[in-house]
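Chains, contacts and geometry: an overview
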Amino acid sequence: MEEEHTPIVIRPESSDDHSVIRDVVAAAFDSDVEADLVDRIRASPEYVPDMALVAEVDGDVVGHVMVSGAVLRSAMTDRRISMLSPLSVRPDRQRAGVGSALVRAVLALADERGEPLVVVEGSPDYYRRFGFEHSASHGIEIDLPDWAPPEAEQVDLLSSFDPDDATLRGKVIYPPAFDGV
Ligand SMILES: CC(C)(COP(=O)(O)OP(=O)(O)OC[C@H]1O[C@@H](n2cnc3c(N)ncnc32)[C@H](O)[C@@H]1OP(=O)(O)O)[C@@H](O)C(=O)NCCC(=O)NCCS
């Protein structure tokens, strides 16, 4: 018999979700650091409400992702780009496709909005399946913590990415919401 899968519903977060999102993020990371980060991003000019998504299973919020603004500093200018962080799935709902559904949905939204790219700092083994590549090979540098492998700096190039646009190469500057994370 075929296994039945409970549908995963992806939708933008709303103010009613803030407290359950805190719980999901803190449980996923086993720390309040990333839950505080979500609150700080939400309160910052870099917050993009349309690209802060929750995943619901059986009516419960079990996952969350945020894509918000960062700066890409090239030789000629600073420009705003999109950055995915953080991504969280409640531990008892991990490895069931929730994280993948969130990442695919938020990348599709970024593409629809005409964003040229989305950067992420994370496991290449996980993010590669969504199209992320080592960002250094596209001239994009992200400062990584000492413990992270060099391939943890990644970028997903979207439909409107122009390889001839030199303002899309440079160093990613994290906004103040990320200070101390
Ligand atoms: C990483 C995380 C978001 C993945 O969510 P998820 O819902 O479990 O992911 P999915 O079910 O969509 O996983 C799809 C695949 O990724 C793999 N995977 C899950 N977590 C992984 C990880 N940390 N590294 C590498 N691969 C991973 C799964 O094995 C699965 O592979 P399979 O389809 O071949 O079995 C979730 O484990 C989590 O919240 N972790 C703690 C917080 C965190 O590390 N967030 C990411 C950094 S911002």
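Residues numbered from 1 in each chain as written. Predicted model: local features only at pLDDT ≥ 70, side-chain atom pairs only at ≥ 80, totals over all residues. Heavy atoms only, no water.

The protein chain is annotated in an unreviewed UniProt entry as N-acetyltransferase domain-containing protein from Ilumatobacter coccineus.

Notes on the pattern of salt bridges
The final tally for this structure, using the stated rule, is 13 salt bridges. In this structure, Glu 56 engages Arg 11 in a salt bridge whose closest nitrogen and oxygen atoms are separated by 2.9 Å. A residue pair is termed long-range when its members are at least 10 positions apart, and Glu 56 in strand 2 (residues 52–57) and Arg 11 in strand 1 (residues 8–12) qualify at 45 residues. For Glu 56, a relative accessible area of 18% translates into the label buried. Between Arg 42 and Glu 13 there is a salt bridge whose closest N-O contact spans 2.8 Å. (Salt bridge = Lys/Arg side-chain N within 4 Å of Asp/Glu carboxyl O. Helix = DSSP H or I, 4+ residues; strand = E, 2+ residues; numbered from the N terminus. Buried < 20%, exposed > 50% of the residue type's maximum accessible area, 1.4 Å probe, protein only.)

Brief notes about the packing of aromatic side chains
Across all of its chains, the model carries five aromatic pairs by this definition. Ring pairs connect the aromatic residues Tyr 126, Tyr 127, Phe 130 and Phe 132, which therefore count as one cluster. (Phe/Tyr/Trp six-rings, centres within 6.5 Å; stacked < 30°, edge-to-face > 60°.)

A closer look at the site of the ligand
Close contacts around the ligand come from 16 residues, with Arg 95, Gly 97, Gly 99, Ser 100 and Arg 129 the closest. The backbone of Gly 97 places a nitrogen or oxygen atom 2.7 Å from an oxygen atom of the ligand. Protein contact buries 67% of the 880 Å² of open area that the ligand shows by itself. Sorting the residues of the shell around the ligand by element identifies helix 1 (18–29), strand 4 (78–89), helix 3 (98–112) and helix 4 (124–127) as the ones contributing at least two each. (Near = heavy atom within 4 Å. Polar contact = N/O pair within 3.5 Å; in protein donor to acceptor, adjacent residues only side chain to side chain. Areas by Shrake-Rupley, 256 points an atom, 1.4 Å probe, with all protein chains shown as cover.)

Some remarks on helix 1
Between its first and last C-alpha atoms helix 1 spans 17 Å; for 12 residues at 1.5 Å apiece the expected length is 16 Å, and the two agree. Those residues of helix 1 that fall on the buried side of the exposure criterion are Ile 21, Val 24, Val 25 and Ala 26. Structurally, helix 1 contributes buried residues whose contacts are with helix 2 (33–42), strand 2, strand 3 (60–73) and strand 4. Among the residues trailing helix 1, Asp 30 stands out with phi positive, at a value near 55°. (Expected span 1.5 Å × (residues − 1). Contact = heavy atoms within 4.5 Å.)

Structural notes on the UniProt feature "domain: N-acetyltransferase" (unreviewed entry) in the protein chain
Under the local residue numbering, the UniProt record ascribes the feature "domain: N-acetyltransferase" (unreviewed entry) to residues 8–164. Taken end to end, residues 8–164 is 26% helix and 32% strand, and its two terminal C-alpha atoms sit 38 Å from one another. (UniProt positions renumbered as here; feature names shortened; annotations may be inferred.)

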